[in-house]
Amino acid sequence: REQLPEYLLIETTGVADPEPIVMILRQQPLVSLCYLDSIVTVVDCDNFQAGMLEMKCFANQIVAADLILLNKVDLVKKDELRSLEKYFYETLRKPRLIKCTGCDVSLFLIMNTGMHLDSHFHTKQNLHLDLRIS
């Protein structure tokens, strides 16, 4: 008998919308073979505003995220980082943020978390994400 992998980590490009990937995972035969543990989005804190305003799919990544890695925190001023954190806390539903440099994060923090909630994908079309950062 073939042995199935214990864990599958799908890393997409920085310009991928997670919704089509999630929809594929919800179809047979995949839905009976695996479950979606969490959606992790990496935010480049040093270039966040420009990226958000230029790409709708980036906004979709933020809305879909169960966990947001605030990367390159070493390149931004503390007040800019606080403003960015405040933005996420005010804009999103209970965001889980992890600050990091070089995406150096323990796998224990991002794997086997059970964080994914399907409800925000069903309502994504009704969500409005304000792209302005104060």
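Visitor: Pulling in residues and values, what's your account of the pattern of salt bridges?
Guide: Enumeration according to the criterion identifies three salt bridges in this entry. Taking the shortest distance from any N to any O, the salt bridge between E85 and K99 comes out at 3.4 Å. Linking E85 in helix α5 (residues 78-91) with K99 in strand β3 (residues 97-99), this pair joins segments that are 14 residues apart in sequence. Residue E85 is classed as buried on the basis of its relative accessible area of 14%. The class for K99 is partly exposed, based on a relative accessible area of 49%.

Visitor: An account of the confidence of the model for the chain is needed here, citing residue identities and associated values.
Guide: On average, residues of the chain carry a pLDDT of 77, and 80% of them reach 70 or more. For the chain, per-element mean pLDDT is lowest for helix α7 (residues 119-122), which scores 44, and highest for β3, which scores 95. The model gives residues 118-134 a pLDDT under 50, and that stretch makes 38 contacts with residues more than four places away or in other chains.

Visitor: Explain the sheet that holds strand β1 (residues 40-44) to me, using residue names and the numbers behind them.
Guide: Read across the open sheet, the three strands follow the order β1-β2-β3; overall the sheet is parallel. If you trace the sheet from one side to the other, it starts and ends with β1 and β3, each paired once. When the angles between neighbouring strand axes are averaged without regard to direction, this sheet yields 25°. Sheet analysis places strand β2 (residues 67-71) next to β3, joined by three bridges and oriented parallel.

Visitor: Any details on the environment of I39? Residues and values, ideally.
Guide: Within the secondary structure, I39 is located in the loop between α2 (30-33) and β1. Between the C-alpha atoms of I39 and M115, which are 76 residues apart in sequence, the distance is 8.2 Å.

Visitor: For a nonpolar patch on the surface, give the residues involved together with the corresponding values.
Guide: The grouping of L4, I24, L30 and L33 at the surface amounts to a nonpolar patch, some 370 Å² of accessible area in total. Structurally, L33 is set in helix α2. The exposed category is assigned to L33, whose relative accessible area is 52%.

Visitor: Residue-level account of a negative patch on the surface, with values.
Guide: A grouping of D46, D74, D79 and E80 is seen on the molecular surface, where their side chains present a negatively charged patch. Here D74 lies in the loop between β2 and α5.

Visitor: Describe in detail the pairing of β1, supporting the description with residues and values.
Guide: Side-chain alternation along β1 places T41 and V43 on a buried face and V40, V42 and D44 on a face that remains uncovered. Pairing of β1 with β2 involves five bridges; the strand directions are parallel. Looking across to β2, one finds that V42 is bridged to L69.

Visitor: Please give an account of the side chain of E85 that cites residues and values.
Guide: Here the side chain of E85 touches K99 through a polar contact of 3.4 Å, side chain to side chain. Among residues more than four places away in sequence, those in contact with E85 are L70, L97 and K99.

Conventions adopted
- Residues numbered from 1 in each chain as written.
- Predicted model: local features only at pLDDT ≥ 70, side-chain atom pairs only at ≥ 80, totals over all residues.
- Heavy atoms only, no water.
- Salt bridge = Lys/Arg side-chain N within 4 Å of Asp/Glu carboxyl O.
- Helix = DSSP H or I, 4+ residues; strand = E, 2+ residues; numbered from the N terminus.
- Buried < 20%, exposed > 50% of the residue type's maximum accessible area, 1.4 Å probe, protein only.
- pLDDT = per-residue confidence, 0-100.
- Contact = heavy atoms within 4.5 Å.
- Pairing = 2+ DSSP bridges.
- Axes fitted to C-alpha atoms, helices over the stretch in contact; angles between N-to-C directions.
- Patch = residues over 30% accessible without salt bridge, like charges linked within 9 Å, V, L, I, M, F, W, Y side chains within 5 Å.
- Areas by Shrake-Rupley, 256 points an atom, 1.4 Å probe, with all protein chains shown as cover.
- Lys, Arg positive; Asp, Glu negative; His and termini not counted.
- Charge placed at Lys NZ, Arg CZ, Asp CG, Glu CD.
- Polar contact = N/O pair within 3.5 Å; in protein donor to acceptor, adjacent residues only side chain to side chain.

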